[in-house]
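# Remarks on the overall topology
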Amino acid sequence: MKNKLTIATSFIIACLISTSSLYAQQKASPPKVSKATVNGNEITINYSSPSKKGRVIFGGLEPLGKVWRTGANEATTIELSKDAKIGDLDVKAGKYALFTIPNEKEWTIIINSEPKQWGAYKYDKSKDVGRFNVPVINLDEVVESFVIDATDSGKVSIAWDQTQVEFMIK
């Protein structure tokens, strides 16, 4: 009986620790939304915003040359109310995952047809709508919390640490 009680107690403690750890992780990278209206097209980008916390981000926490979920937690999503051109891609109205491949001089922006993913762990290249490259903008100031900003002019900016990239939605 004592063994069963010890096992049950251990299980409950493990569940509480796991739940509090998940809560802390989600709070550490809070969910954010960036919205814009481009020529009547409602654009919504949902992402989680991790913080730098003194870490080396690109080439450290986020390896160069590898597909990244572009934020934290679930894959970042971009939703269009109408067909649009993202970068040089023709994209139908709908919801998509937004992945990136960070590199020193340029990033690859990826629009993927599977929006419901945790991170990039099950990323499937065959589900890409398309990809395009954008140049890196080196910033003088540090951006502590990861941010994606969509504007009504159609410019989407992704910034973290001292790195920024931009692309257009038309």
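Residues numbered from 1 in each chain as written. Predicted model: local features only at pLDDT ≥ 70, side-chain atom pairs only at ≥ 80, totals over all residues. Heavy atoms only, no water.

### Quick notes on the environment of Pro-115
Its place among the elements puts Pro-115 in the loop between strand E7 (106-112) and strand E8 (128-135). The buried category is assigned to Pro-115, whose relative accessible area is 17%. Pro-115 sits 41 residues away from Glu-74 along the chain, and the two C-alpha atoms are 9.1 Å apart. Setting aside its immediate chain neighbours within four residues, Pro-115 contacts Thr-77, Lys-95, Tyr-96 and Ala-97. (Helix = DSSP H or I, 4+ residues; strand = E, 2+ residues; numbered from the N terminus. Buried < 20%, exposed > 50% of the residue type's maximum accessible area, 1.4 Å probe, protein only. Contact = heavy atoms within 4.5 Å.)

### Concerning the nonpolar core
Core analysis: the biggest nonpolar cluster contains 31 residues, and Ile-45, Ile-78, Ile-86, Trp-107, Ile-111, Phe-167 and Ile-169 have the highest contact counts within it. Sorting elements by how many residues they give to this core places strand E10 (residues 155-168) first, with five residues. In contact with Ile-111, not counting residues within four places along its chain, are Ile-78, Ile-86, Leu-89, Val-91, Tyr-96, Ala-97, Leu-98, Asp-128, Val-129 and Gly-130. Among the nonpolar cores identified, the runner-up in size contains six residues, and Ala-75, Ala-97, Phe-99 and Tyr-123 belong to it. (Core = buried A, V, L, I, M, F, W, Y, C linked by side-chain atoms within 4.5 Å.)

### Thoughts on the pattern of salt bridges
In this structure the tally under the stated criterion is five salt bridges. One salt bridge in this structure joins Asp-161 and Lys-52, with 3.3 Å as the shortest N-O distance. One end of the pair, Asp-161, is in strand E10; the other, Lys-52, is in the loop between strand E2 (41-48) and strand E3 (77-80), with 109 residues separating them in the sequence. A relative accessible area of 13% places Asp-161 in the buried class. Of the residues examined, Lys-52 reaches a relative accessible area of 13% and is grouped as buried. The residue Asp-83 makes a salt bridge to Lys-92 at a minimum N-O spacing of 3.8 Å. Residue Asp-83 is classed as partly exposed on the basis of its relative accessible area of 48%. (Salt bridge = Lys/Arg side-chain N within 4 Å of Asp/Glu carboxyl O.)

### Side note on the side chain of Thr-108
Mapped onto the elements, Thr-108 comes out in strand E7. Taking the relative accessible area as the measure of exposure, Thr-108 reaches 13% and is therefore buried. Within the local environment of Thr-108, its side chain forms a polar contact with the side chain of Asn-133, the two groups lying 2.7 Å apart. The residues touching Thr-108, leaving out its near neighbours within four places in the chain, are Phe-99, Thr-100, Ile-101, Arg-131, Phe-132 and Asn-133. (Polar contact = N/O pair within 3.5 Å; in protein donor to acceptor, adjacent residues only side chain to side chain.)

### Some thoughts on the confidence of the model for the protein
When pLDDT is averaged along the protein, the result is 89; 84% of the residues meet or exceed 70. Residue range residues 8-26 is modelled with pLDDT below 50. Its contacts to residues more than four positions away, or to other chains, number two contacts. (pLDDT = per-residue confidence, 0-100.)

### Quick word on the sheet that holds strand E6 (residues 94-101)
Taken in spatial order, the six strands of this open sheet run E1-E2-E3-E6-E7-E8, and their pairing is antiparallel. Edge positions in the sheet fall to strand E1 (31-38) and E8, since each of these pairs with one other strand and no more. Pairwise comparison of adjacent strand axes, ignoring direction, gives a mean angle of 25° for this sheet. Relative to E3, E2 runs antiparallel, the two sharing four bridges. In the strand pairing of E3, Ile-43 is matched with Leu-80. (Pairing = 2+ DSSP bridges. Axes fitted to C-alpha atoms, helices over the stretch in contact; angles between N-to-C directions.)

### Quick notes on the packing of aromatic side chains
For any two aromatic rings, the description comes down to two numbers: the centre-to-centre distance and the angle of the planes. One pass over the structure, following the stated rule, counts ten aromatic pairs. Between Phe-58 and Trp-160 the ring centres are 6.1 Å apart and the planes differ by 90°, which places this aromatic pair in the edge-to-face class. Highlighted residues: Phe-58 in the loop between E2 and E3 and Trp-160 in strand E10, separated in sequence by 102 residues. Across the pair, Trp-160 and Phe-58 agree in class, each one buried. The interplanar angle of 10° and the centroid separation of 6.0 Å between the aromatic rings of Trp-68 and Trp-160 together place this pair among those described as stacked. Remark: Trp-160 occurs in strand E10 and Trp-68 occurs in the loop between E2 and E3; sequence separation between them is 92 residues. Each member of the pair, Trp-68 as well as Trp-160, carries the same accessibility label: buried. Aromatic ring contacts, followed pair by pair, group Tyr-47, Phe-58, Trp-68, Trp-107, Phe-146 and Trp-160 into a single cluster. (Phe/Tyr/Trp six-rings, centres within 6.5 Å; stacked < 30°, edge-to-face > 60°.)

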